[in-house]
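# Coordinate inspection notes
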Amino acid sequence: MSRFSQGDFSQRMSLYKGKAASLEVAALADAMDRMAEQLNERIRTIVRQHNELKAVFSSMSEAVLAVDTDERVIKLNKAAAVIFTVNEKEAPGRLLQEVVRNIDLQGQIKQVLANQEPLQDEIILQDAEGERFLQTNCVPLHDDSDRNIGVLVVMNDVTRLRRLENVRRDFVANVSHELKTPITSIKGYVETLMDGAIDNRDDAVRFLKIVTKQTNQLYAIIEDLLSLSRIEKQSEHKEVDLTVGELRKVLEEAALTCQMKAAEKKIRISLQCPENLRAKMNFTLLEQAIVNLVVNAIKYSEDGSEVIVKAEEKVEKDGAKRVIISVQDFGIGIAKKHLPRLFERFYRSDKARSRKLGGTGLGLSIVKHIAQAHGGDASVQSQEGEGSTFFISLPGQNADA
Ligand code: ADP
């Protein structure tokens, strides 16, 4: 009996009832045992439900924070603890201002406490990786008897979404700008010709040559844009045809395509690739990617220098094989600050030079998309004044076996 009163329901009273026990005592012992059984079962259910709730709460990807009416933290989950860099277990009981050092979120919580109205907003947090955008949903928190006991905040990390929106917005602005530049120039020269310059043959020829150059630039931009959207669409729908083929053939074909451009600058293209190196690839796309890299290497190198096109197999730490294609030049190189953004559409480390050389600013982004369509990636290493090496890494022959 005393064990029961201490909350231990594991013992059974009927085990102790001796022969001497009266009928009433025996019946009481049975009733107590049944009660203990039921209580035990209920407690087990409550503990199980509590653990389930705890597991759901802590494994939610949304950050959750509950605050009481005195602006003290009631509870927060793991995701929230990570966001606010606090200890999940130590935060409860502490003042909101100590735990959440974000004035906007504090303001939102105060507003909901005062108005008792749900509120949806956004906050921006600054961390080591830069800005993080969090969508916040604050709702008044009520207990069983509908008494207000605080505010519940659920936060979603929308950083990726915001970045994508920015990229898209920048892209539209960039395309418009890129198309406008040659069109403005064409328009200007055509008007000058119509205003009389056409009667002076020398001027007319000079202006028409510029118009032709700008038209080619327009054409190149549109070709690259179409190419990019085609590759993106195909790889989104997993429509890129990949077959196992010899890498040496792709490298040779790409080098041949660039031979004229290289010869104009007396640049030597050397190939290094084992005879039997094979990978799963789309020959045409991979050739286009290598051509883009070699054309750049030629463009951004001095006359008479060298471009090395290489393919080799590497074994990763986890034992997976990868094929690494590299295009190395000894040209102007790229400043470190440009490297992280170099594969973005229209990103140029040297705008004036790129335009002068007829660049569209899309070549590298096409390379990246082609690499990704192969389940691979593109990267760069460069030293200003010494040259650059661009890499395309593809899954090796055992990677998808
Ligand atoms: P572009 O058509 O302007 O060459 P890309 O997307 O091919 O566009 O390249 C983006 C930018 O990266 C270029 O404008 C140039 O500034 C830089 N770049 C690319 N390849 C090289 C290279 N081999 N050496 C130096 N800079 C390079």
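Here's what I pulled together on the structure shown here. (Residues numbered from 1 in each chain as written. Predicted model: local features only at pLDDT ≥ 70, side-chain atom pairs only at ≥ 80, totals over all residues. Heavy atoms only, no water.)

## Things to note about the environment of Asp-303
Among the secondary structure elements, Asp-303 is positioned in the loop between helix 9 (283–299) and strand 9 (306–315). Through-space distance from the C-alpha of Asp-303 to that of Arg-268 is 9.7 Å; in sequence the pair is 35 residues apart. (Helix = DSSP H or I, 4+ residues; strand = E, 2+ residues; numbered from the N terminus.)

## Notes on the site of the ligand
Close to the ligand lie 22 residues; Asn-296, Asp-329, Ser-349, Ser-354 and Leu-364 are nearest. Interatomic distance of 3.2 Å between a side-chain N/O atom of Lys-299 and an oxygen atom of the ligand. Between the ligand and Thr-360 there is a distance of 2.8 Å, counted from an oxygen atom to a backbone nitrogen or oxygen. Compared with its free state, where it exposes 530 Å², the ligand has 98% of that area covered by protein. For the shell around the ligand, the secondary structure elements donating two or more residues are helix 9, helix 11 (363–373) and strand 12 (387–395). Per element, the largest residue contribution to the shell around the ligand is 3 residues, and it comes from helix 9. Here the residues of the shell around the ligand sort into 9 nonpolar, 9 polar and 4 charged. (Near = heavy atom within 4 Å. Polar contact = N/O pair within 3.5 Å; in protein donor to acceptor, adjacent residues only side chain to side chain. Areas by Shrake-Rupley, 256 points an atom, 1.4 Å probe, with all protein chains shown as cover. Nonpolar A, V, L, I, M, F, W, Y, C, P; charged D, E, K, R; others polar.)

## Looking at a nonpolar patch on the surface
A contiguous nonpolar patch, built from Met-35, Leu-39, Ile-43 and Val-47 and spanning about 300 Å² of accessible area, is present on the exposed surface. Mapped onto the elements of the fold, Val-47 is located in helix 2 (residues 23–59). Judged by its relative accessible area of 42%, Val-47 is partly exposed. (Patch = residues over 30% accessible without salt bridge, like charges linked within 9 Å, V, L, I, M, F, W, Y side chains within 5 Å. Salt bridge = Lys/Arg side-chain N within 4 Å of Asp/Glu carboxyl O. Buried < 20%, exposed > 50% of the residue type's maximum accessible area, 1.4 Å probe, protein only.)

## Structural notes on the sheet that holds strand 7 (residues 268–272)
The strand order across the open sheet built from 5 strands is 7-9-10-12-11, with neighbouring strands paired in mixed fashion. Taken across any chain shown, the strands that pair with only one partner, and hence form the sheet edges, are strand 7 and strand 11 (377–383). Between one strand axis and the next, the sheet turns by 15° as a mean value, whatever way the strands run. Where strand 10 (residues 321–329) lies against strand 12, 7 bridges are found, and the strand directions are antiparallel. Note that in strand 12 the partner of Gln-328 across the bridge is Thr-389. Relative to the sheet, helix 8 (residues 247–264) contacts strand 7, strand 9 and strand 10, its axis offset from that of strand 7 by approximately 175°. (Pairing = 2+ DSSP bridges. Axes fitted to C-alpha atoms, helices over the stretch in contact; angles between N-to-C directions. Contact = heavy atoms within 4.5 Å.)

## Regarding the side chain of Ser-227
With respect to the element layout, Ser-227 can be found in helix 7 (residues 201–236). With sequence-adjacent residues up to four places away left out, Ser-227 is seen in contact with Gln-288 and Ile-366.

## With respect to the nonpolar core
Core analysis: the largest hydrophobic core is formed by 53 residues, its most contacted members being Leu-247, Ile-290, Val-294, Ile-325 and Leu-342. A total of 10 residues in this core trace back to one element, the largest contributor, which is helix 9. Domain assignment of the residues forming this core places at least three in each of domain 3 (166–239) and domain 4 (240–401). With 27 residues, the next largest nonpolar core counts Leu-105, Ile-123, Leu-125 and Val-151 among its residues. (Core = buried A, V, L, I, M, F, W, Y, C linked by side-chain atoms within 4.5 Å. Domains from an automatic or database assignment.)

## Examining the pairing of strand 1 (residues 63–68)
Taking burial as the measure, the 6 residues of strand 1 include 6 buried ones, the bulk of the element. Of the two faces of strand 1, the one lined by Ala-63, Leu-65 and Val-67 and the one lined by Val-64, Ala-66 and Asp-68 are each fully buried. Of the pairings in the sheet, the one linking strand 1 to strand 2 (residues 73–76) comprises 3 bridges and is antiparallel in character. Within strand 2, the position partnered with Leu-65 by the bridge is Leu-76. Following strand 1, the chain reverses through 4 residues before pairing antiparallel with strand 2; Glu-71 in that reversal takes a positive phi of roughly 60°.

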